[in-house]
Number of protein chains: 2
Amino acid sequence: MVDEHADPTVGELREGVILRHILERLGESNALVGPGDDAAVIAAADGRVVATVDTLVHGPDFRLAWSSAYDLGYKSAAVNLADVAAMGATPTALLVALAMPETTRLSFVTGLADGLRAACRDLAPGCRVEGGDLTVSDTLTVAVTALGALAGRAPVLRSGARAGDIVAVAGGLGRAARGLRVLFERFTDAARAPLPVDESVLTPAERDDLAAQLRPAPPVALGPIAADGGATAMMDVSDGLLLDASRLAEASGVSLVLDSATLGDDPHSALTGGEDHALLATFPPDLPLPSGFHRIGHAVSRGADPVLVDGARYEGRTGWDPYRDWDARTG
Amino acid sequence: MVDEHADPTVGELREGVILRHILERLGESNALVGPGDDAAVIAAADGRVVATVDTLVHGPDFRLAWSSAYDLGYKSAAVNLADVAAMGATPTALLVALAMPETTRLSFVTGLADGLRAACRDLAPGCRVEGGDLTVSDTLTVAVTALGALAGRAPVLRSGARAGDIVAVAGGLGRAARGLRVLFERFTDAARAPLPVDESVLTPAERDDLAAQLRPAPPVALGPIAADGGATAMMDVSDGLLLDASRLAEASGVSLVLDSATLGDDPHSALTGGEDHALLATFPPDLPLPSGFHRIGHAVSRGADPVLVDGARYEGRTGWDPYRDWDARTG
């Protein structure tokens, strides 16, 4: 018998034992059929379900010296909850595919489950992990599928913005990128390998940025509110405002004119930093902006550039593309 | 500019270019909102959605010397379609999270997309890949989420078998395990490293077994038929009949008595081999078995053992547990 109190590795345990420890952490199921069968059955009361998947991979997406298991669980849930919200939907369930080395400790798995549950509690009450899959892999990988309910609303697509619309954002911009910069500048050794984080050396502002990077808290509840408030287009800002705004502009056939004075003290980070998972939306000019959104610009007829900042093309790197930007040597 | 006709690596391409090549292969969306937005929107006409996820990881789950990209796409879809079918549901959509090394060739990605599409076409017409995620990873990993519709049926759980029920199976048993044995015995070098498969050296029976291992074709359409035919419990046989039958027995609080004479020429492989994704179901004794199912035993009141074979406990290894059985050195 393996002593489960001695924090064994998952390679020492049977799958059923690991599952039991995970399920104990996740709380009561809210599903019609929860974990334990071949599949879950989730309510989709209006006859439609919103579905999205996003994966966090050790190396490109997180480092274990920087992210705790709890952080990883929290972030892997949050980024997917934001995608559901960006359609105007309320998250109803997560499925988690966890691939991990045999040397992974049981405490890591339970910490990850705690983070998943906490993100649901904080960002999408009523949503739970209702299914998943455990596999062995040399590379720790968390693929989360999020489902959501539109409750009769039309989904808010990227393609609905019209010339004259107000461009607005809910949630932070640039904070997660500043948090990543803190990690690379303060918590790496000479070879740029990650070092454990000691938050006591950070200012309160740096700690906030670090939290936005490690445990993002996107404004999930504002997605349905934006839809009900007349949003014509919406998406979550995962790869940086400029890049994602250009995607929304391309899909809608408009150009977006942003006002850098509305982007806070650090407009460059706000424009180019990824991983904030803020909600970017457009609204008709004659409607009041829903509480939680603030105006950052307006949409115009399509011009030469999809996005202009203060009337001009923004020069420089505009966002994160994993196939262009990931460097296995430095991260 | 990268020449897309010269089969570049994904590390040489932008994410958008890779996505475009994938989407070209997948055919027309059947969803309310298909690929291209923050999330898909899938019809769930009866107000419920069945949802499951299963992951294939390079090493434990497949070897690139043995599986083509097409095989990998086909299998990663098929194993998830079987889980949806095992609830009594019809698959409606797949979401595919693909994590791959930067050195992966574009032709590999398009081959994988072809395999995903072919599995849907063969096993679940109407189901398509409606969303997904691309990330960089040192370990090639395919996590597929499958959604399904119950069309008003009650989901068929593992827990509904009653004493007196007939135990029946649809689909092959033991073939995928024999196919894996062919691979390990015929297509490895002295160090057990995989060698490319030359099917011309195989007998027709060996080729069939290999196909069952590399491109499993579970009887997905029979899942809803079993539900309509009164199935009291059902699951897909992924880890071997004995192990999965014992799970069904435990969930239902019965014992299952199997008759080895009904299991074909190779009852040991049928009892212990995994990865067939046959459907194991129980039916009331007074109803005719749906076409495609054949009787392999019956359920009795719970005894000391969850499963008996020919009246006795079956000795020996009974199925695959990735955390017990995977050995990174030999696979």
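Under an unreviewed UniProt entry, the name given to chain A is Thiamine-monophosphate kinase, and the organism recorded is Microbacterium kyungheense. Database annotation for chain A, UniProt heading Function (unreviewed entry): "Catalyzes the ATP-dependent phosphorylation of thiamine-monophosphate (TMP) to form thiamine-pyrophosphate (TPP), the active form of vitamin B1."

**Student:** Tell me about the pattern of salt bridges, residues and numbers included.
**Tutor:** Counted according to the given criterion, the structure contains 32 salt bridges over all chains. Here aspartate 38 of chain B ties to arginine 158 of chain A by a salt bridge, and the two come within 3.1 Å at their closest N and O atoms. With one member in each of two chains, aspartate 38 of chain B in the loop between helix 1 (15-26) and strand 1 (40-43) and arginine 158 of chain A in the loop between strand 5 (141-149) and strand 6 (166-170) form a pair that bridges those chains. Of the two residues, aspartate 38 of chain B and arginine 158 of chain A, neither departs from the other in class, the shared state being buried. A salt bridge links aspartate 305 of chain B to arginine 313 of chain B; the nearest nitrogen and oxygen atoms lie 2.8 Å apart. Where salt bridges share partners, they join Asp37 and Asp38 of chain A together with Arg158 of chain B into one cluster.

**Student:** Before we move on, can you summarise the environment of serine 29 of chain A with the specific residues and values?
**Tutor:** Residue and element names in this part refer to chain A. Positionally, serine 29 belongs in the loop between helix 1 (15-26) and strand 1 (40-43). Serine 29 sits in the partly exposed class, given a relative accessible area of 32%. Serine 29 sits 100 residues away from valine 129 along the chain, and the two C-alpha atoms are 7.8 Å apart. Apart from the residues within four sequence positions on either side, serine 29 is in contact with Gly34, Pro35 and Glu130. From its side chain, serine 29 meets the backbone nitrogen of alanine 31 in a polar contact 2.9 Å long. Within the structure, serine 29 has its side chain in polar contact with the side chain of glutamate 130 (distance 2.7 Å).

**Student:** For the packing of aromatic side chains, give the residues involved together with the corresponding values.
**Tutor:** Residue and element names in this part refer to chain A. Within this structure, the stated rule accounts for six aromatic pairs over all chains. Between the aromatic rings of tyrosine 70 and tyrosine 74, the centroid separation amounts to 6.1 Å while the plane-to-plane angle is 35 degrees, which identifies the pairing as tilted. Taken together, the positions of tyrosine 70 and tyrosine 74, both in helix 2 (residues 69-85) and four residues apart, correspond to about one turn of that helix. Residue class for tyrosine 74 comes out buried when judged on its relative accessible area of 6%.

**Student:** Describe in detail the pairing of strand 5 (residues 141-149) of chain B, supporting the description with residues and values.
**Tutor:** Residues and elements named next belong to chain B. Of all nine residues that make up strand 5, nine are buried, and the element is covered over most of its length. Along strand 5, one buried face is formed by Thr141, Ala143, Thr145, Leu147 and Ala149 and the opposite face, lined by Val142, Val144, Ala146 and Gly148, is buried too. The pairing of strand 2 (residues 48-57) with strand 5 spans eight bridges and is classified as antiparallel. Looking at strand 5, one finds that aspartate 54 is bridged to valine 144. Pairing of strand 3 (residues 90-100) with strand 5 involves nine bridges; the strand directions are antiparallel.

**Student:** Could you give an account of the sheet that holds strand 7 (residues 233-237) of chain B, with specific residues and numbers?
**Tutor:** Residue and element names in this part refer to chain B. Pairing is mixed in the open sheet, where six strands are placed in the order 7-9-6-10-8-11. Both edges of this open sheet fall to strand 7 and strand 11 (307-309), since each of them pairs with a single strand only. Averaged over all adjacent pairs, the angle separating strand axes in this sheet is 25 degrees, with direction ignored. Note that strand 8 (residues 254-258) and strand 10 (residues 294-301) share five bridges and pair antiparallel.

**Student:** Lay out the interface of chain B and chain A in plain terms, naming residues and giving numbers.
**Tutor:** For interface size, the figure often reported is the accessible area lost on association. Listed per partner, the contact involves 63 residues of chain B and 63 residues of chain A. Buried surface at the junction of chain B and chain A, summed over both partners, amounts to about 5100 Å²; 56% is from carbon and sulfur atoms. Linking chain B with chain A are four salt bridges, by the criterion used here. Arginine 158 of chain A serves as the salt-bridge partner of aspartate 37 of chain B, at 3.8 Å between the closest nitrogen and oxygen. Between chain B and chain A we count 18 residue pairs in polar contact (both at pLDDT 80 or more) in total. Put simply, the parts of the chain that give the side of chain B that touches chain A at least two residues each are helix 1, strand 1, strand 2, strand 3, strand 4 (128-136), strand 5, strand 7 and helix 9 (322-325) of chain B. It is strand 2 of chain B that provides the largest number of residues to the side of chain B that touches chain A, a total of nine residues. When its residues are assigned to classes, the side of chain B that touches chain A shows 38 nonpolar, ten polar and 15 charged. Both strand 1 of chain A and strand 2 of chain B contribute to a ladder of four bridges, which runs antiparallel.

**Student:** Outline the side chain of serine 246 of chain A, listing residues and values.
**Tutor:** Residues and elements named next belong to chain A. Topologically, serine 246 is positioned in helix 7 (residues 241-252). Using a relative accessible area of 16% as the deciding quantity, one classes serine 246 as buried. Engagement of the side chain of serine 246 in a polar contact is seen with the backbone oxygen of leucine 243, the distance being 2.6 Å.

**Student:** Go over the relation of the copies chain B and chain A with me, naming the residues and quoting the values.
**Tutor:** With an RMSD of 0.0 Å, the operation that places chain B on chain A is a rotation of 180 degrees combined with a shift of 0.0 Å along the axis. Within this description, the copies of the chain are treated as partners about a two-fold rotation axis. Closest to the rotation axis within chain B is the C-alpha of glycine 47 of chain B, separated from it by 2.3 Å. Interface overlap between copies is the fraction of interface residues in one copy that are interface residues in the other; for chain B against chain A it reaches 100%, indicating a shared surface.

**Student:** Go over the UniProt feature "domain: PurM-like N-terminal" (unreviewed entry) in chain A, please, and point to the residues and values.
**Tutor:** Here the UniProt feature "domain: PurM-like N-terminal" (unreviewed entry) sits at residues 36-149 of chain A. Annotation note: span residues 36-149 of chain A, helix share 31%, strand share 38%, distance between end C-alpha atoms 23 Å.

**Student:** Help me get a handle on unusual backbone geometry, residues and values and all.
**Tutor:** Although it is not a glycine, glutamate 275 of chain A sits at a positive phi angle of roughly 70 degrees. The residue glutamate 275 of chain A is located in the loop between helix 8 (267-272) and strand 9 (278-283) in this model. Despite not being glycine, aspartate 7 of chain B shows a phi value in the positive range, around 55 degrees. Residue placement: aspartate 7 of chain B occurs in the segment before helix 1. Look at aspartate 7 of chain B and you get partly exposed, because its relative accessible area is 24%.

**Student:** Kindly report on the domain arrangement of chain A, identifying the contributing residues and their values.
**Tutor:** All names here are of chain A. According to the domain assignment, chain A contains domain 1 (12-149) and domain 2 (158-325). Taken together, the contact pairs 22 residues of domain 1 with 26 residues of domain 2. Across the domain 1-domain 2 interface, the total number found is two salt bridges. Here arginine 215 ties to aspartate 71 by a salt bridge, and the two come within 2.8 Å at their closest N and O atoms. Those elements giving two or more residues to the side of domain 1 that touches domain 2 turn out to be helix 2 and strand 3 (90-100). Tallying contributions element by element places helix 2 first for the side of domain 1 that touches domain 2, with ten residues. For the side of domain 1 that touches domain 2, a count of residues per class yields 15 nonpolar, three polar and four charged.

**Student:** Now, about the sheet that holds strand 4 of chain B: what can you tell me, with residues and values included?
**Tutor:** One open sheet accounts for five strands, arranged 1(A)-2(B)-5(B)-3(B)-4(B); its pairing is mixed. Each edge of the sheet is formed by a strand with only one pairing partner; in this case those strands are strand 1 of chain A together with strand 4 of chain B. On average, each strand axis in the sheet is tilted by 20 degrees relative to the strand beside it, whichever way the strands run. Packed onto the sheet, helix 1 of chain B meets strand 3 and strand 4 of chain B and runs at close to 155 degrees relative to strand 4 of chain B. Seen against the sheet, helix 2 (residues 69-85) of chain B touches strand 2, strand 3 and strand 5 of chain B and runs at an angle of roughly 145 degrees to strand 2 of chain B.

Reading guide: rules and limits
Residues numbered from 1 in each chain as written. Chains lettered and ligands numbered in written order. Predicted model: local features only at pLDDT ≥ 70, side-chain atom pairs only at ≥ 80, totals over all residues. Heavy atoms only, no water. UniProt positions renumbered as here; feature names shortened; annotations may be inferred. Salt bridge = Lys/Arg side-chain N within 4 Å of Asp/Glu carboxyl O. Helix = DSSP H or I, 4+ residues; strand = E, 2+ residues; numbered from the N terminus. Buried < 20%, exposed > 50% of the residue type's maximum accessible area, 1.4 Å probe, protein only. Contact = heavy atoms within 4.5 Å. Polar contact = N/O pair within 3.5 Å; in protein donor to acceptor, adjacent residues only side chain to side chain. Phe/Tyr/Trp six-rings, centres within 6.5 Å; stacked < 30°, edge-to-face > 60°. Pairing = 2+ DSSP bridges. Axes fitted to C-alpha atoms, helices over the stretch in contact; angles between N-to-C directions. Buried area = accessible area lost by both parts, 1.4 Å probe. Nonpolar A, V, L, I, M, F, W, Y, C, P; charged D, E, K, R; others polar. Least-squares fit on C-alpha atoms with pLDDT ≥ 70 in both. Domains from an automatic or database assignment.

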